[in-house]
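Report on the structure
What follows is the residue order along each chain.
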Amino acid sequence: QVQLVESGGGLVQPGGSLRLSCAASGMMFSVYDMSWYRQAPGKQRELVAAITTDGTTNYANSVEGRFTISRDNAKNTVYLQMSSLKPEDTAVYYCNARTRWVVFWGQGTQVTVSS
């Protein structure tokens, strides 16, 4: 059974940092492209950052230069390092794993940026 478990969310002040982790199990992690999405209240879910199996990354314009996605295939984990956080980064952050044939989602972790 495939599981994606996010952790690391919480409350942080504007300008602060957080690192999200997504631990995968029940799957051959290295063959999956991994992504982070987020969904703010009343808004659609949006792609934040993605990393392919060969380590190629891409970012939403709104987080470029502030967020960094990385993966550790030995630990079956993908990370999202978030810096210079803004109130508009407040959302539930979801981990996503996909191949050509399947897509899996985690349950999400709340990130709140507020003073």
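Above this text sits the structure in question.
Residues numbered from 1 in each chain as written. Predicted model: local features only at pLDDT ≥ 70, side-chain atom pairs only at ≥ 80, totals over all residues. Heavy atoms only, no water.

Notes on the sheet that holds strand β8 (residues 77-82)
- Ordered in space as β1-β3-β8-β7, the 4 strands form an open sheet in which the pairing is antiparallel. Each edge of the open sheet carries a strand with a single partner, namely β1 (3-7) and β7 (67-72). Adjacent strand axes in the sheet meet at a mean angle of 15° when their direction is disregarded.
- For β7 and β8, the ladder comprises 6 bridges, and the chain directions are antiparallel. (Pairing = 2+ DSSP bridges. Helix = DSSP H or I, 4+ residues; strand = E, 2+ residues; numbered from the N terminus. Axes fitted to C-alpha atoms, helices over the stretch in contact; angles between N-to-C directions.)

Some thoughts on the environment of Ser 35
- Along the polypeptide, Ser 35 turns up in strand β4 (residues 33-39).
- Here the alpha-carbon distance between Ser 35 and Lys 75, two residues 40 residues apart in the chain, equals 16 Å.
- Apart from the residues within four sequence positions on either side, Ser 35 is in contact with Leu 47, Ala 49, Ala 50, Ile 69, Tyr 94, Cys 95 and Asn 96. (Contact = heavy atoms within 4.5 Å.)

So, the state of the cysteines
- Within the structure shown, the criterion is met by 1 disulfide.
- Disulfide pairing places Cys 22 opposite Cys 95 at an S-S distance of 2.1 Å. On the sign convention where negative means left-handed, the S-S torsion of about -80° between Cys 22 and Cys 95 marks this disulfide as left-handed. Of this pair, Cys 22 sits in strand β3 (residues 18-25) while Cys 95 is found in strand β9 (residues 91-98), placing the two residues 73 residues apart along the sequence. The same class applies to Cys 22 as to Cys 95, namely buried. (Disulfide = S-S within 2.5 Å. Buried < 20%, exposed > 50% of the residue type's maximum accessible area, 1.4 Å probe, protein only.)

A few points about the pattern of salt bridges
- Tallying each qualifying case throughout the model produces 3 salt bridges.
- The closest approach of N and O atoms between Arg 38 and Asp 89, which form a salt bridge, is 2.9 Å. Residue Arg 38 is located in strand β4, and its partner Asp 89 is located in the loop between β8 and β9; the two are separated by 51 residues in the primary sequence.
- Residue classification places Arg 38 among the buried positions, given a relative accessible area of 6%.
- For Arg 66, the salt bridge identified is with Asp 89, shortest N-O distance 2.8 Å. Of this pair, Arg 66 sits in the loop between β6 (57-59) and β7 while Asp 89 sits in the loop between β8 and β9; the two residues are 23 residues apart in sequence, bridging distant segments of the chain. Taken as a pair, Arg 66 and Asp 89 share a single burial class, namely buried. (Salt bridge = Lys/Arg side-chain N within 4 Å of Asp/Glu carboxyl O.)

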